[in-house]
Amino acid sequence: MELYYDLSKDDRILAVCDGWDAFGMANGGSKFATDVIGYPVWNFISGLDTRSYMNSIFFFCRSQGCPLSALYRADSPDMIRVFCMSVEPRSDDGLRLRHELVAEMPHWHEGRNLRHPRAVVQCSQCLSVQAGATWRPEPGRAFRSREAISYQVCPDCRHHLSRQIDTAMRTSPDRAAASGRLLA
Ligand SMILES: [Zn+2]
């Protein structure tokens with residue numbers, strides 16, 4: 001399964017792939033094609049931290065003219081799901097974002113999720129939950145309600161992206177432009 005959508009040079013959603021609405025209906029999604037086309041993608045990304053993370057990827061792809069991919073979790077109520085997001089530059093300075101399901105398995109330890117006593121800080125990419133000064137992998141849905149979650153990007157996910165960008169920069173023929181300006 002692969003979904004994709006295209007962004008304009010100012011990050012508005014230009015078009016979505018065939019099957020977008022069918023996937024949304026099958027997975028309890030609430031954003032159908034008519035709800036997203038023409039709107040800035042930032043309207044659909046929660047939290048300044050996650051927007052900054054995504055913007056780093058967008059900036060890299062546009063400035064270097066090369067694709068970048070990152071894994072993230074987007075669970076369904078019943079399944080742990082790992083997706084690969086690939087961001088590819090387009091000739092009009094837009095981007096194509098592909099989302100491909102690469103692994104899934106049933107949730108486990110579902111009961112513990114109900115014991116979160118209050119709002120949690122959760123990584124929007126790997127769904128780890130902040131526990132004091134550390135982040136711990138979360139074996140199931142880490143929340144009781146969406147209102148209880150503050151989304152950030154954990155240090156591990158930031159570090160992983162930074163490493164990926166460093167590697168891509170070393171192999172890119174034109175890497176000077178983006179040097180030092182990513183993931184500040
Ligand atoms: Zn993370």
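Quantities reported herein were computed from a predicted structural model and do not represent experimental measurements.

S.K.: Looking at this model, I keep getting lost on the overall build of the protein chain. Mind explaining?
M.R.: Check the secondary structure of the protein chain and you find four helices and nine strands. Out of the 184 residues in the protein chain, the part that is buried amounts to 16%. The contacts of the protein chain with a sequence gap of at least 6 include a subset with a gap of at least 24, amounting to 56%.

S.K.: Is there a simple way to explain the packing of helix α3 (residues 48–64) against helix α4 (residues 155–171) in this structure?
M.R.: When two helices pack together, you describe them by how their axes are tilted relative to each other and by the distance separating the axes. Packing of α3 against α4 leaves a shortest axis separation of 11 Å and a crossing angle of 5°. It follows from the interaxial angle that α3 and α4 lie roughly parallel. For the pair formed by α3 and α4, the contact residues are Tyr 53, Ser 56, Phe 60 and Gln 64 on the first element and Arg 158, Leu 161, Ile 165 and Ala 168 on the second. Class assignment of the residues belonging to the contact of α3 with α4 gives a composition of five nonpolar, two polar and one charged.

S.K.: Any chance you could explain the sheet that holds strand β3 (residues 68–73) here in plain terms?
M.R.: Sheets are built from strands that pair by backbone hydrogen bonding, the pairs being arranged parallel or antiparallel. Overall, antiparallel pairing links the five strands, which are arranged β2-β1-β5-β4-β3 in an open sheet. The open sheet has two edge strands with one neighbour each: β2 (13–16) and β3. Each strand of the sheet is rotated relative to its neighbour by a mean of 25°, with strand direction disregarded. Across six bridges, the pairing between β3 and strand β4 (residues 79–89) is antiparallel. Along β4, the bridge assignment pairs Arg 73 with Val 82. Where α3 meets the sheet, it contacts β3, β4 and β5 (95–106), and its direction lies at approximately 35° from that of β4.

S.K.: I would appreciate a short explanation of α4 in the present structure.
M.R.: Owing to its 3.6 residues per turn, the α-helix brings residues three or four apart onto one side. Under the 1.5 Å per step criterion, the end-to-end length of α4 is 24 Å for 17 residues, consistent within 8% with the ideal 24 Å. Against α3, β3 and β6 (120–123) lie the buried residues of α4.

S.K.: Where do I start with α3 in this structure?
M.R.: In this model, α3 (17 residues) spans 24 Å end to end at C-alpha, consistent with the 24 Å of a helix rising 1.5 Å per residue. Those residues of α3 that fall on the buried side of the exposure criterion are Tyr 53, Met 54, Ser 56, Ile 57, Phe 60, Cys 61 and Gln 64. For α3, the angular spread of the buried residues around the axis is 140°, confining them to a single face. Residues of α3 that are buried make contact with β3, β4, β5 and α4. Directly beyond the C-terminal end of α3, a positive phi value near 65° is found at Gly 65.

S.K.: I keep staring at the confidence of the model for the protein chain and nothing clicks. Help me out?
M.R.: A low pLDDT score tells you not to read the predicted coordinates there in detail. Within the protein chain, residue pLDDT values average 84, and 81% of them lie at 70 or more. The secondary structure element of the protein chain with the lowest average pLDDT is helix α1 (residues 20–26), at 81, and the one with the highest is α3, at 95. The model gives residues 178–184 a pLDDT under 50, and that stretch makes 14 contacts with residues more than four places away or in other chains.

S.K.: Before we go on, may I ask you to explain the nonpolar core in this structure?
M.R.: As a rule of thumb, soluble globular proteins bury nonpolar side chains together. Within the largest apolar cluster, 18 residues are counted, with the highest numbers of intra-cluster contacts made by Ile 57, Cys 61, Val 87, Leu 95, Cys 123, Val 153 and Cys 157. Where this core is concerned, the elements lending two or more residues are β2, α3, β5 and α4. Broken down by element, this core gets its largest block of residues, five residues, from α3. Apart from residues lying up to four places away in sequence, Val 87 is in contact with Ile 57, Phe 58, Cys 61, Pro 67, Leu 68, Leu 95 and Leu 97.

Cut-offs applied
Residues numbered from 1 in each chain as written. Predicted model: local features only at pLDDT ≥ 70, side-chain atom pairs only at ≥ 80, totals over all residues. Helix = DSSP H or I, 4+ residues; strand = E, 2+ residues; numbered from the N terminus. Buried ≥ 20, exposed ≤ 12 C-beta atoms within 10 Å, placed from the backbone. Contact = placed C-beta atoms within 7 Å. Axes fitted to C-alpha atoms, helices over the stretch in contact; angles between N-to-C directions. Parallel < 35°, antiparallel > 145°, perpendicular 65-115°, else oblique. Nonpolar A, V, L, I, M, F, W, Y, C, P; charged D, E, K, R; others polar. Pairing = 2+ DSSP bridges. Expected span 1.5 Å × (residues − 1). Arc of directions from axis to C-beta. pLDDT = per-residue confidence, 0-100. Core = buried A, V, L, I, M, F, W, Y, C linked by C-beta atoms within 7 Å.

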